[in-house]
Amino acid sequence: MSHPIAVFVSGTGRHLENFVRLALAGELDARVSLVLCDRAEAGAIERAQKYGLQPVTLLPADFENSEAFSRAAFDAAREAGAETILLAGFLRLLHIPADWTGRVLNIHPSLLPAFGGKGYYGHHVHEAVLQRGCTISGCTVHYVDQEYDHGRILVQRTVPVLQVDTPEDLATRVFDEELIAFPEALRLHMQALPAAHGAEKTSG
Ligand code: GAR
């Protein structure tokens with residue numbers, strides 16, 4: 001029986017597409033039971049529809065505060081029967097309820113704990129990496145806790161940073177690794193269920 005996953009998106013949905021394709025190709029024992037989007041104009045919506053998925057769009061402005069938004073998002077995941085939530089370019093801080101601890105994974109385009117936290121997303125990360133003169137960068141998939149980019153790390157992959165790199169060059173090189181890292185982390189997580197749930201409860 002394939003694992004039901006919810007994919008939360010704010011952006012273009014390239015990770016979402018990667019998961020759908022891998023599942024369709026039988027390379028990932030998972031099926032997308034929910035796509036949740038927090039931006040009406042996100043490219044991910046059209047991309048999801050291409051695969052017959054109808055995203056649930058929750059707009060933060062329609063909620064009293066971030067707690068109420070989070071509650072609605074996790075309710076949608078429960079209703080869809082999701083076992084695991086993947087934050088695939090989802091840029092909003094969520095309040096993780098107890099029953100989802102150890103079941104929410106995030107991908108971040110740097111080697112955490114460097115260049116993580118509020119304000120570090122997308123191109124901002126790669127600009128900061130270049131400005132600092134780093135010679136390596138990469139991506140991290142980690143469990144999500146109540147802080148931005150903070151929970152226990154599942155997978156990291158590295159790339160070289162070249163002196164001639166633009167932020168776009170670096171983003172492309174890192175993203176190629178992201179497409180490997182996120183499914184790899186999901187596989188590890190699924191293999192470890194429900195042990196991963198217990199492990200996360202003890203982490204920072
Ligand atoms: C990815 O590069 C992901 O690492 C990044 O957003 C992009 C989403 O791409 N996430 C963050 O920066 C989170 N802090 P996508 O919308 O095309 O899948």
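Scroll up a little and you will see the structure.
Predicted model, so just to flag it, every value in this text is computed and none were measured.

Caption draft 1: Seen up close, helix α1 (residues 14-24). Looking at α1, one finds that the buried residues are His15, Leu16, Glu17, Asn18, Phe19, Val20 and Leu22. Lining the buried residues of α1 we find β1 (3-9), β2 (30-37), α2 (43-50), β4 (84-87), β5 (104-108) and α5 (167-192). A positive backbone phi angle near 75° is found at Gly26, which sits one or two residues after α1.

Caption draft 2: Examining the pattern of salt bridges more closely. The tally for this structure, following the rule as stated, stands at 10 salt bridges. In this structure, Glu17 and Lys50 form a salt bridge, with 3.0 Å as the shortest nitrogen-oxygen distance. Highlighted residues: Glu17 in helix α1 and Lys50 in helix α2, separated in sequence by 33 residues. Linking Glu177 and Arg157 is a salt bridge whose minimum nitrogen-to-oxygen distance equals 2.7 Å. Here Glu177, found in helix α5, pairs with Arg157, found in strand β7 (residues 153-160); they are 20 residues apart in sequence, far enough to count as distant. Through salt bridges with shared partners, a single network forms among Glu17, Arg21, Arg47 and Lys50.

Caption draft 3: Structural context of the sheet that holds β2. Judged by pairing direction, the sheet is mixed, and its seven strands sit side by side in the order β3-β2-β1-β4-β5-β6-β7 without closing on themselves. Looking at strand neighbours, the two that pair on one side only are β3 (56-57) and β7, the edges of this open sheet. Examined bridge by bridge, β5 and strand β6 (residues 136-143) share four bridges and lie antiparallel to one another. Counted as the bridge partner of Ile107 is Val141 from β6.

Caption draft 4: Examining the packing of α1 against α5 more closely. Relative to each other, α1 and α5 sit at 55°, their axes nearing to 10 Å. With respect to α5, the axis of α1 lies oblique. Between α1 and α5 the crossing geometry is right-handed. Along its contact with α1, which presents Arg14, His15, Asn18, Phe19 and Leu22, the element α5 presents Phe175, Glu178, Leu179, Phe182, Pro183 and Leu186. Here the contact of α1 with α5 is built from residues that sort into seven nonpolar, two polar and two charged.

Rules used in this analysis
- Residues numbered from 1 in each chain as written.
- Predicted model: local features only at pLDDT ≥ 70, side-chain atom pairs only at ≥ 80, totals over all residues.
- Heavy atoms only, no water.
- Buried < 20%, exposed > 50% of the residue type's maximum accessible area, 1.4 Å probe, protein only.
- Helix = DSSP H or I, 4+ residues; strand = E, 2+ residues; numbered from the N terminus.
- Contact = heavy atoms within 4.5 Å.
- Salt bridge = Lys/Arg side-chain N within 4 Å of Asp/Glu carboxyl O.
- Pairing = 2+ DSSP bridges.
- Axes fitted to C-alpha atoms, helices over the stretch in contact; angles between N-to-C directions.
- Parallel < 35°, antiparallel > 145°, perpendicular 65-115°, else oblique.
- Left-handed = near helix turned anticlockwise from the far one by under 90°.
- Nonpolar A, V, L, I, M, F, W, Y, C, P; charged D, E, K, R; others polar.

Geometric values such as these leave the question of function open.
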